[in-house]
Amino acid sequence: MVGPSSLMPITIDMLQKDIAQRLKDAGCGETSQLDARLLIRNTLNLSDVEMLAHGRDHIVAISDIDRVLENVNKRIDGMPISRIFSNREFWGLPFYINEHCLDPRPDTETLIEAALALFKGREHEPLRIIDFGTGSGC
């Protein structure tokens, strides 16, 4: 297993494979591949392009492995990815979230699509819409 005491250099791809297996072994199997990618990408502030282009050759510093593994442990303990990074994408936009609000949910995007359909043809009119008691305000 990858860890700070590893003697051989660890690439992004190696780290991602190891984390996915750890998550799977811990019962997070359904999303272990995606979670591993997101944990590395967000912890190390990498783009998807950087991860794909340099996954095989980018050596991850031991201090960065430590930071990633801290977040992996949070995920194994049941914390959602959005809570680990205090960020949730909604309607194509990133939103800050914390323990005082609910995560925006995909079914809410469906609700917004239905609401927008009611205003079809009025896209350029000023509208007043209230978002009351819905958590993050998305």
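In the block above lies the structure referred to throughout.
Below you will find a few notes about this structure. In this text the structure is predicted, and so the values were computed from the model without any measurement.

**Examining the environment of Arg122**
On the secondary structure map, Arg122 appears in the segment after helix H6 (106-118). Here Arg122 falls in the partly exposed class, since its relative accessible area comes to 33%. Taking the C-alpha atoms as reference points, Arg122 and Arg22, 100 residues apart in sequence, are found 51 Å from one another.

**Focus: the packing of aromatic side chains**
In this structure the tally under the stated criterion is one aromatic pair. When the centroid spacing of 6.3 Å and the interplanar angle of 75 degrees are considered together, the rings of Phe90 and Phe95 count as edge-to-face. We classify Phe90 as buried; its relative accessible area is 2%.

**A short note on the packing of helix H1 (residues 12-28) against helix H4 (residues 62-76)**
Between two packed helices, the angle of one axis relative to the other and the distance separating the axes together describe the packing. Interhelical geometry of H1 versus H4 gives an angle of 20 degrees and a closest axis separation of 10 Å. Considering their axes alone, H1 and H4 lie roughly parallel with respect to each other. For H1 against H4, the interelement crossing comes out right-handed. Between H1 and H4, the residues in contact are Leu15, Ile19, Arg22, Leu23, Ala26 and Cys28 and Ile65, Val68, Leu69, Val72, Arg75 and Ile76, respectively. For the contact of H1 with H4, a count of residues per class yields 10 nonpolar, no polar and two charged.

**With respect to the pattern of salt bridges**
For the structure on display, the rule yields eight salt bridges. As a salt-bridge pair, Arg22 and Asp18 come within 2.7 Å of each other at their nearest N and O atoms. You can see Arg22 and its partner Asp18 sitting in helix H1, four residues apart, about one turn around the helix. By the burial criterion, Arg22 is buried, and Asp18 matches it. Where Asp48 meets Arg41, a salt bridge forms, and the shortest distance between an N and an O atom there is 3.2 Å. Each of the salt bridges in this network shares a partner with another, and the network as a whole consists of Arg37, Arg41 and Asp48.

**Quick look at the nonpolar core**
In summary, soluble globular proteins display a tendency toward joint burial of nonpolar side chains. Grouped together as the largest cluster of nonpolar side chains are 21 residues, with contacts concentrated most on Leu15, Ile19, Leu23, Leu39, Ile40, Val68 and Val72. Sorting the residues of this core by element identifies H1, helix H2 (32-43), H4 and helix H5 (81-85) as the ones contributing at least two each. At six residues, H1 tops the list of elements feeding residues into this core.

**Examining the pairing of strand E1 (residues 87-90)**
Sheet topology places E1 next to strand E2 (residues 93-96); four bridges connect them, and they run antiparallel. Bridge pairing links Asn87 to Tyr96 in E2. From the end of E1 to the start of E2, which pair antiparallel, there are two residues, and Trp91 there has a positive phi angle of about 55 degrees.

**Thoughts on the packing of H1 against H2**
Axis separation between H1 and H2 bottoms out at 8 Å; the angle between their running directions is 130 degrees. Comparing their axes, H2 and H1 come out oblique. In this structure, H1 crosses over H2, and the sense of that crossing is right-handed. For the pair formed by H1 and H2, the contact residues are Ile12, Leu15, Gln16, Ile19, Ala20, Leu23, Lys24 and Cys28 on the first element and Ser32, Gln33, Asp35, Ala36, Arg37, Leu39 and Ile40 on the second. Classifying every residue of the contact of H1 with H2 gives nine nonpolar, three polar and three charged.

Conventions we followed
Residues numbered from 1 in each chain as written. Predicted model: local features only at pLDDT ≥ 70, side-chain atom pairs only at ≥ 80, totals over all residues. Heavy atoms only, no water. Helix = DSSP H or I, 4+ residues; strand = E, 2+ residues; numbered from the N terminus. Buried < 20%, exposed > 50% of the residue type's maximum accessible area, 1.4 Å probe, protein only. Phe/Tyr/Trp six-rings, centres within 6.5 Å; stacked < 30°, edge-to-face > 60°. Axes fitted to C-alpha atoms, helices over the stretch in contact; angles between N-to-C directions. Parallel < 35°, antiparallel > 145°, perpendicular 65-115°, else oblique. Left-handed = near helix turned anticlockwise from the far one by under 90°. Contact = heavy atoms within 4.5 Å. Nonpolar A, V, L, I, M, F, W, Y, C, P; charged D, E, K, R; others polar. Salt bridge = Lys/Arg side-chain N within 4 Å of Asp/Glu carboxyl O. Core = buried A, V, L, I, M, F, W, Y, C linked by side-chain atoms within 4.5 Å. Pairing = 2+ DSSP bridges.

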